[in-house]
Amino acid sequence: MTTSTQGNASQKEKALPAVLVLEDGRVFHGRSYGAVGETFGEAVFSTGMTGYQETLTDPSYHRQVVVMTAPHVGNTGVNDEDPESQRIWVAGYVVRDPARVSSNWRSRRSLDEELRNQGVVGISGIDTRALTRHLRERGAMRVGIFSGNALPDAGTMLAEVRQAPEMKGANLAAEVATKETYVVPAIGTKKFTVAAVDLGIKGMTPHRMAERGIEVHVLPATATAEEIYAVNPDGVFFSNGPGDPATADGPVAVMKEVLARKTPLFGICFGNQILGRALGFGTYKLKYGHRGINQPVQDRTTGKVEVTAHNHGFAVDAPLDEVSQTPYGRAEVSHVCLNDNVVEGLQLLDQPAFSVQYHPEAAAGPHDAAYLFDRFVSLMEGQRA
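Thresholds applied
Residues numbered from 1 in each chain as written. Predicted model: local features only at pLDDT ≥ 70, side-chain atom pairs only at ≥ 80, totals over all residues. Heavy atoms only, no water. Phe/Tyr/Trp six-rings, centres within 6.5 Å; stacked < 30°, edge-to-face > 60°. Helix = DSSP H or I, 4+ residues; strand = E, 2+ residues; numbered from the N terminus. Buried < 20%, exposed > 50% of the residue type's maximum accessible area, 1.4 Å probe, protein only. UniProt positions renumbered as here; feature names shortened; annotations may be inferred. Contact = heavy atoms within 4.5 Å. Polar contact = N/O pair within 3.5 Å; in protein donor to acceptor, adjacent residues only side chain to side chain. Core = buried A, V, L, I, M, F, W, Y, C linked by side-chain atoms within 4.5 Å. Domains from an automatic or database assignment. Salt bridge = Lys/Arg side-chain N within 4 Å of Asp/Glu carboxyl O. Nonpolar A, V, L, I, M, F, W, Y, C, P; charged D, E, K, R; others polar. Axes fitted to C-alpha atoms, helices over the stretch in contact; angles between N-to-C directions. Parallel < 35°, antiparallel > 145°, perpendicular 65-115°, else oblique. Left-handed = near helix turned anticlockwise from the far one by under 90°.

Q: Would you take a moment to explain the packing of aromatic side chains for this structure?
A: Each aromatic ring pair is characterised by the separation of its centres together with the angle its planes make. Applying the stated criterion to the full structure yields 6 aromatic pairs. Relative to Phe-146, the ring of Phe-40 has its centre 5.5 Å away and its plane inclined at 80°; by these criteria the two rings are edge-to-face. Here Phe-40 is found in strand β4 (residues 36-46), whereas its partner Phe-146 is found in strand β10 (residues 141-147), with 106 residues between them in sequence. By relative accessible area, Phe-40 is classed as buried at 9%. Looking at Phe-146, the relative accessible area reads 1%, which means it is buried. Ring geometry for Phe-266 against Phe-373: centres 5.9 Å apart, planes inclined by 80°, an arrangement best described as edge-to-face. With a gap of 107 residues between them, Phe-266 in strand β15 (residues 265-268) and Phe-373 in helix α11 (residues 371-384) connect regions that are remote in the sequence. For Phe-266, a relative accessible area of 0% gives the class buried. In this structure an aromatic cluster arises from ring pairing among Phe-237, Phe-266, Phe-354, Phe-373 and Phe-376.

Q: Explain the UniProt feature "active site" (unreviewed entry) in the protein to me, please; I cannot follow it from the model alone.
A: If you check UniProt for "active site" (unreviewed entry), the listed places come out as Cys-269, His-359 and Glu-361 in our numbering. These annotated residues cover 93 residues of sequence, and their C-alpha atoms lie no more than 11.4 Å from one another, placing them together at a single site. Relative to the elements of secondary structure, Cys-269 occurs in the loop between β15 and α10 (270-278). Taking relative accessible area as the criterion, Cys-269 reaches 1% and is therefore assigned buried. Discounting residues that sit within four places of it in the chain, Cys-269 has contacts with Asn-240, Asn-311, His-312, Val-356, Gln-357, Tyr-358 and His-359. Relative to the helices and strands, Glu-361 is located in the loop between β21 (353-356) and α11. Excluding anything up to four places from it in sequence, Glu-361 contacts Lys-202, Met-204, Thr-205, Arg-208, Ile-268 and Phe-373.

Q: Is there a simple way to think about the UniProt feature "binding site: L-glutamine" (unreviewed entry) in the protein in this case?
A: UniProt feature "binding site: L-glutamine" (unreviewed entry): in the numbering of this structure it lies at Ser-60, Gly-241, Gly-243, Phe-270, Gln-273, Asn-311, Gly-313 and Phe-314. What stands out for the annotated residues spanning 255 residues is how close their C-alpha atoms remain, the widest pair being 13.4 Å apart. Tracing the sequence through the fold places Gly-241 in the loop between β14 (235-238) and α9 (249-261). Those residues in contact with Gly-241 that lie beyond four places of it in its chain are Ser-60, Leu-199, Gly-200 and Phe-270. Inspection of the secondary structure puts Asn-311 in strand β17 (residues 305-317). Residues contacting Asn-311, with those up to four places away along its chain left out, are Asp-58, Ser-60, Tyr-61, Gln-64, Cys-269, His-290, Arg-291 and His-359. Within the structure, Asn-311 has its side chain in polar contact with the side chain of Asp-58 (distance 3.2 Å).

Q: Teacher, can you tell me more about the nonpolar core here?
A: Nonpolar side chains tend to gather and get buried jointly when the protein is soluble and globular. Grouped together as the largest cluster of nonpolar side chains are 34 residues, with contacts concentrated most on Leu-199, Ile-228, Phe-238, Met-255, Leu-259, Leu-279 and Leu-346. Mapped by element, the contributors of at least two residues to this core are β12 (192-197), α8 (225-229), β14, α9, α10, β19 (329-337) and β20 (343-348). The dominant element in this core, judged by the number of residues it contributes, is α9, at 5 residues. Not counting residues within four places of it along the chain, the set of residues in contact with Met-255 comprises Phe-238, Leu-265, Gly-271, Ile-274, Leu-275 and Ala-278.

Q: When you look at the domain arrangement of the protein in this model, what are you seeing that I'm missing?
A: Interface size, as often reported, equals the accessible area lost upon joining of the parts. Each assigned domain of the protein is listed with its residue range as follows: domain 1 (3-163) and domain 2 (173-384). Using C-alpha coordinates to define each centre, domain 1 is positioned 29 Å away from domain 2. The partner domain 2 presents 23 residues to the 23 residues of domain 1 that form the contact. Summed over the shared surface of domain 1 and domain 2, the result is 1 salt bridge. The partner of Lys-285 in a salt bridge is Glu-42, with the nearest N and O atoms 2.6 Å apart. At the boundary of domain 1 and domain 2, one finds 14 residue pairs in polar contact (both at pLDDT 80 or more). Residue assignment for the side of domain 1 that touches domain 2 shows that the elements contributing at least two residues are β4 and α4 (128-138). Partitioning the side of domain 1 that touches domain 2 into residue classes produces 7 nonpolar, 9 polar and 7 charged.

Q: For this particular structure, what's the right way to read the packing of α9 against α10?
A: Geometry of a packed helix pair, given as the angle between the helix axes and the separation of the axes. Following both chains from N to C, one finds α9 and α10 inclined at 70°, their axes separated by 9 Å at the closest point. Taken together, the axes of α9 and α10 lie roughly perpendicular to each other. Crossing handedness for the pair α9 and α10: right-handed. Contacts between α9 and α10 involve Asp-249, Pro-251, Val-252, Met-255, Lys-256 and Leu-259 from the former and Gly-271, Ile-274, Leu-275, Arg-277 and Ala-278 from the latter. Per-class residue counts for the contact of α9 with α10 are 7 nonpolar, 1 polar and 3 charged.

Q: Where do I start with unusual backbone geometry in this structure?
A: In terms of backbone geometry, most residues other than glycine have negative phi values and most peptide bonds are trans. The omega torsion across Ala-363 and Ala-364 is -5°, close enough to zero to call that bond cis. A positive phi angle, close to 70°, is found at Arg-63, a residue other than glycine. Considering the arrangement of structural elements, one finds Arg-63 in the loop between α2 (52-56) and β5 (64-68). In this structure Arg-63 comes out as buried when scored by relative accessible area, which is 19%. With a phi angle near 60°, Lys-262 is a residue other than glycine that sits in the positive phi range. Within the secondary structure, Lys-262 is located in the loop between α9 and β15. Of the residues examined, Lys-262 reaches a relative accessible area of 45% and is grouped as partly exposed.

Following this line, the structure appears as structure tokens:
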């Protein structure tokens with residue numbers, strides 16, 4: 001929910017006053033960054049030191065105000081190659097020290113200019129370390145950013161923040177997903193066809209599959225099982241996306257049909273939560289979530305520890321140390337976060353289906369988890385054999 005005034009030459013030269021107001025009443029004063037106006041969302045923090053362009057364009061951040069913990073943001077500007085979707089999805093943006101100059105040969109414009117062009121209201125010059133510590137102690141909460149020469153009084157701003165919708169109970173996947181099916185062709189020789197249910201998919205994800213000879217048919221979030229199987233898939237993929245998985249009854253019902261047919265299945269992030277629900281597990285909201293590109297996760301099937309990219313505020317409630325009986329056979333937790341023991345992956349032991357809570361496409365981020373796409377390929381090869 002954003003109301004903005006597009007920037008002009010005078011705003012480029014001198015930032016206007018800005019205020020960030022949290023729903024518990026804490027206030028931070030700074031300067032406008034990006035568009036001038038007001039915006040509301042859930043305040044979350046990202047610990048990534050690079051990849052801000054991919055973060056901004058990740059549909060999973062829909063209706064969230066992202067606080068960057070790295071103090072200096074915008075130094076490489078904005079290019080036309082790295083966006084993960086066709087627009088910025090964050091509801092607002094919070095930085096400490098925005099770069100005054102963009103220094104990269106691929107840069108086409110400054111980050112401040114891109115935010116203004118897309119009407120994204122931000123704030124700079126605040127103590128993001130103090131704000132991050134506050135969110136860690138109190139939890140993610142609603143927030144508003146207000147900027148301009150005529151700001152409302154503190155009581156009015158706080159009242160508006162508290163009227164904004166909460167993330168818990170939000171059904172957002174259909175708002176960010178494609179409305180029409182499209183195809184990402186295989187790179188080189190086509191080996192498999194995958195039906196990918198778009199719940200907020202990032203552009204790099206079908207590209208990673210295409211690199212492995214997979215033709216990816218990206219379907220809307222509302223796709224039915226009949227529409228999925230109309231493309232004659234060798235495997236089915238459920239993507240990342242925003243919102244509360246407890247509201248995703250439609251995708252859960254479709255996944256149950258896929259599981260019943262024993263088609264090779266792979267899910268990431270929101271797709272992991274959908275698999276959890278399909279197997280009979282619950283989901284819950286984390287205190288402040290995992291967001292960034294430096295989260296340690298252990299693959300329990302190999303014992304290997306990976307540094308991974310994350311963006312999730314909800315998690316699956318499944319037993320960590322026992323095999324569970326489900327309507328589709330035995331299931332177990334395959335990956336776990338080493339910071340807080342949150343479930344980071346699930347796998348079925350009696351049929352070809354697995355998921356992870358993090359982002360193996362690594363845009364941006366480390367490449368430790370790229371093998372998961374190869375694991376998906378192996379499932380499809382095994383099913384074909």
